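Each chain, written out:
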Amino acid sequence: MSDWTVYKFGGTSVKGAERLRRAADLVRKSPGPVVTVVSAMGGVTNLLVRAVEHSRQGLVDHDTVRAIRDAHHEVAGTFGISLDPIDAVFEELEALLTAAATLRGASPQLRDRVLVTGERLSARLLAAILNSDGAEATAIDADTFLETDDHHGEASPLFGVFEASAHAALSPLLEEGQLPVVTGFCGRAPCGSTTTLGRGGSDYSATLIASAIDAQEVVIWTDVPGVYSAHPGVVAGARVVPQLNYREAGELAYYGAKVLHPRTLQPLIKQSIPATIKSTFDPEAPGTRIDRTVTPGAHPVKGVSAVGGHALISLEGTGMAGVPGIAQRVFATMSQAGISVTMISQSSSESSVCIAVPSERATDGVLALREAFRLDLGRGDIEDIRVEPDVSLVAAVGLGMHYATGVAGRVFSSLGRAGVNVRAIAQGASELNITFTVDNAQSDDAVRTLHDEFGLHNADPNAPVSGHADIVLVGFGGVGKALARQIEVQAGPARLVAVVDRRGAMLNPSGLSSEQLERIRTVKAEGGSVASVDGGVETCDPVEFVRAAPASGLRTPIVVDVADGDTSALHVAALESGADVVTANKAPLASPQARYRQLTDAASAAGRRIRAEATVGAGLPIIDTIEQLVASGDRIRRLEGCLSGTLTYVLGRVGAGDTLATVLQDASDNGYLEPNPLVDLSGEDVLRKAIILSRTAGLDVADDQIACEGLVDRSAIDWAAPAPSFDEIIDRCAPLVEGVNNAQREGAVLRYVAVVEPGTVVVKPRAVDPASPLGRLDGTDNMLLIHSDRYATSPLVISGPGAGVEVTAMGVLTDILRLIAERHAL
């Protein structure tokens, strides 16, 4: 192996004077001799294609030529270099386009010669810039030495021939201390005409040259810092993979990774020449190294990639079972039709074979197969040949899968939890990748799901794999602010990515920073909306924001509702969009039966979950306990208790002689009261909790069998009006004070009690014995007595603090963390 290195600069890395200067600096600073391969300036090849297309109309596209010339002249002027080499290329370009216009279209040979103009210009500019800095550089056209076949537009190198000619052309220059600057993308046909190497041609040129001169390394300089674990536009947490095996990189490239073309690495493998993908915008970053090494680490999957624009063609029929050669005939038919098969899947019963092909060739493929299998169709051995359009191929890639068990199980279990429907599956015996097809609309969800499942967002390959969840927080009052702080402090798998209020939203798929959250807190404290925060988005419809959230780079988000009011439509939108819901908002779950059924049906249809522990007992495990009892076969007979820590606090303080005005103000200051205190004092809050408990316990209660007596007159409350002042509230509270006094005269204490039984829900104030469990409640404590078949003699008692934003936020966070744990336990 020589000490020579090959640098390749992509179109974005040579677009304009500043970027060409950066490229020249990298070449000059290289520790050893360098062969540089260059692409055309970004956008130039597309302009040349347009100029060739115009020639079909007999026109020479002088405007396009002028635009290209001006861009290159500007660079030359910046560095004060001669225009002669540049203008010589343009003279030839004008002559070629004139010939094409005369012929009303370019031949394949003429077209290829036109299309490499951009590379020829870049090579001459970069060589001149290097020379102006005192280096000795020479621009050299690859179509003078890189021998290919005559397949114009998609030429292949003549292996066993091009190596000698490339070495002969470049090694003398390197030995003389010259810096060859070579045109990428092109080669020379046996007849001497210029050929192009097709998509990814410049990268391919670089690796072909590296193999010919036995280089020690190829560095592909581009506009991204390496090969990502997934497309960063799809997965916000995608990261640069530090090392890939040749085969891993090739698979990721084949399935849509944009940094490399699949054939780019082929010339390097035989001689074990490593390639490194680096960014010209951050040259100090390590990039991605591609070599023979296998480094499974803790991640059996290195990356997840997807390519859309495919269709599935299926052959089905019981007459295919046991018949040899079906798959061979399918492949032969596709080959004869010139159609590339990108995936094949066959059932073990051999009664079904399906292949994936590019969408634009699906109709041709079906027609070709119907012709090839016409006799089989006629006999009924094959019942149908059908096509499913608009599918994507998704691949989980990593040689580490060979060393780990259960990878396929994790892949498909996680996809199932995310609601992604897999159409077909293929896995090679080498266990290098697992490939499957999904609808185009679910491709991004599939990539995000697998990226999260295998912890690819974690930059440390030796760190334990742990999933995270993206949290969309709806509501940023007292509970919302407390929850945001608790998520920040716990620094666990819950990642707050969005905050939504009635008028606006802020979204950061990578996670809202502490600074962003502090700006939101400040604005909200001043009475503003999230929309007015720098980076916020104004919206009048939180429902539509939540519906669109999964398309914003979020992986199966959890929508957390700590708003007030009936947010049933928001819950349904979240569930239908593939999100789970955690709520402290009682209104949706306590809504009339018909609306409640819509909510539970939406969850069932989407395969998502609703967790609502904080709706009843704040941080107390009331709902969880009842669910566990029911799941274990117990039958709930009666639920009785004080379900409002706020009302326990108010009644206790008033009973102790404090004035109602003082008590209500203290309750508000401590965050115990709802935004509208009448929700508490009317019994509405407890009523909602009791309805939720009845539904959790399976005690179906009709809407007309629910009764509520408040501590204030419920009939006089206008729920559509703004919340009244404390003075107005106190004027309505005579029944409350009178009830406390009456209870004390009887030697009792007043408590606000809910009773849930089969068929009925009743909530009202009740005088109880001070020595009873309910009578002994103090402060903001809640208490629920559960009477069931199992607890018939003595009820199961749950008691503890049940009011306050911190306690409620803790209950919400507990639900979030349990939901995340459940996801990863399935």
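The structure this text deals with has already been given above.
How each quantity is defined
- Residues numbered from 1 in each chain as written.
- Predicted model: local features only at pLDDT ≥ 70, side-chain atom pairs only at ≥ 80, totals over all residues.
- Heavy atoms only, no water.
- Axes fitted to C-alpha atoms, helices over the stretch in contact; angles between N-to-C directions.
- Helix = DSSP H or I, 4+ residues; strand = E, 2+ residues; numbered from the N terminus.
- Parallel < 35°, antiparallel > 145°, perpendicular 65-115°, else oblique.
- Left-handed = near helix turned anticlockwise from the far one by under 90°.
- Contact = heavy atoms within 4.5 Å.
- Nonpolar A, V, L, I, M, F, W, Y, C, P; charged D, E, K, R; others polar.
- Salt bridge = Lys/Arg side-chain N within 4 Å of Asp/Glu carboxyl O.
- Buried < 20%, exposed > 50% of the residue type's maximum accessible area, 1.4 Å probe, protein only.
- Core = buried A, V, L, I, M, F, W, Y, C linked by side-chain atoms within 4.5 Å.
- Pairing = 2+ DSSP bridges.
- Expected span 1.5 Å × (residues − 1).

Caption draft 1: Fine view of the packing of helix 14 (residues 407–417) against helix 15 (residues 443–453). With their axes 9 Å apart at the nearest point, helix 14 and helix 15 run at an angle of 125° to one another. Between helix 14 and helix 15, the angle is such that the two are oblique. Here helix 14 runs over helix 15; the crossing is right-handed. Between helix 14, through Arg 410, Val 411, Ser 414, Leu 415 and Arg 417, and helix 15, the contact on the second element is made entirely by Ala 446, Thr 449, Leu 450 and Glu 453. For the contact of helix 14 with helix 15, the per-class residue count stands at 4 nonpolar, 2 polar and 3 charged.

Caption draft 2: Up close: the pattern of salt bridges. With the rule as written, the count across this model stands at 54 salt bridges. The residue Arg 263 makes a salt bridge to Glu 154 at a minimum N-O spacing of 3.8 Å. Taken together, the residues span a long stretch of sequence, with Arg 263 in the loop between helix 9 (246–254) and helix 10 (266–269) and Glu 154 in the loop between strand 3 (137–140) and helix 7 (162–175) at a distance of 109 residues. Under the relative-accessibility criterion, Glu 154 is labelled partly exposed at 37%. A salt bridge links Arg 521 to Glu 488; the nearest nitrogen and oxygen atoms lie 2.9 Å apart. Linking Arg 521 in helix 17 (residues 514–525) with Glu 488 in helix 16 (residues 478–490), this pair joins segments that are 33 residues apart in sequence. Classification of Arg 521 as buried rests on a relative accessible area of 11%.

Caption draft 3: Spatial organisation of the nonpolar core. Residues Val 6, Phe 145, Val 182, Ile 209, Ile 213 and Val 218 are the most contacted members of the largest nonpolar core, which totals 102 residues. Look past the residues within four positions of Ile 209 in its chain and what remains in contact with it is Val 6, Val 35, Val 37, Phe 145, Leu 170 and Val 182. With 72 residues, the next largest nonpolar core counts Val 472, Leu 643, Leu 699 and Ile 717 among its residues.

Caption draft 4: Region of the structure containing the environment of Ala 821. For Ala 821, the position within the fold is in helix 30 (residues 805–825). Spatially, the C-alpha atoms of Ala 821 and Pro 493 are 9.3 Å apart, while their sequence positions differ by 328 residues.

Caption draft 5: Fine view of the pairing of strand 26 (residues 749–757). Counting buried positions over the 9 residues of strand 26 gives 7, a clear majority of the element. Relative to strand 26, strand 24 (residues 636–642) is paired through 3 bridges, and the arrangement is antiparallel. If you follow Gly 641 over to strand 26, its bridge partner there is Ala 754. The turn linking strand 26 back onto strand 27 (residues 760–768) is made up of 2 residues, and Gly 759 within it adopts a positive phi angle of 90°.

Caption draft 6: Helix 8 (residues 201–213), seen in detail. A rise of 1.5 Å per residue sets the reference length of helix 8, with its 13 residues, at 18 Å; its end C-alpha atoms lie 18 Å apart and thus fit the reference within 8%. Counting buried residues in helix 8 gives 13 out of 13 residues, a clear majority hidden from the surface. Phi turns positive one or two residues past the end of helix 8, at Asp 214, with a value near 55°.

Caption draft 7: Region of the structure containing the sheet that holds strand 10 (residues 288–291). Spatial ordering of the open sheet is given by 3-4-2-1-7-9-10-8, a layout of 8 strands whose pairing is mixed. In this open sheet, the two edge strands, each paired with only one partner strand, are strand 3 and strand 8 (243–245). Between one strand axis and the next, the sheet turns by 20° as a mean value, whatever way the strands run. Both strand 3 and strand 4 (residues 179–183) contribute to a ladder of 4 bridges, which runs parallel. In the strand pairing of strand 4, Ala 139 is matched with Val 181. Across the face of the sheet, helix 1 (residues 17–28) comes into contact with strand 1 (5–9), strand 2 (34–38), strand 4 and strand 7 (217–222) while running at roughly 175° to strand 1.

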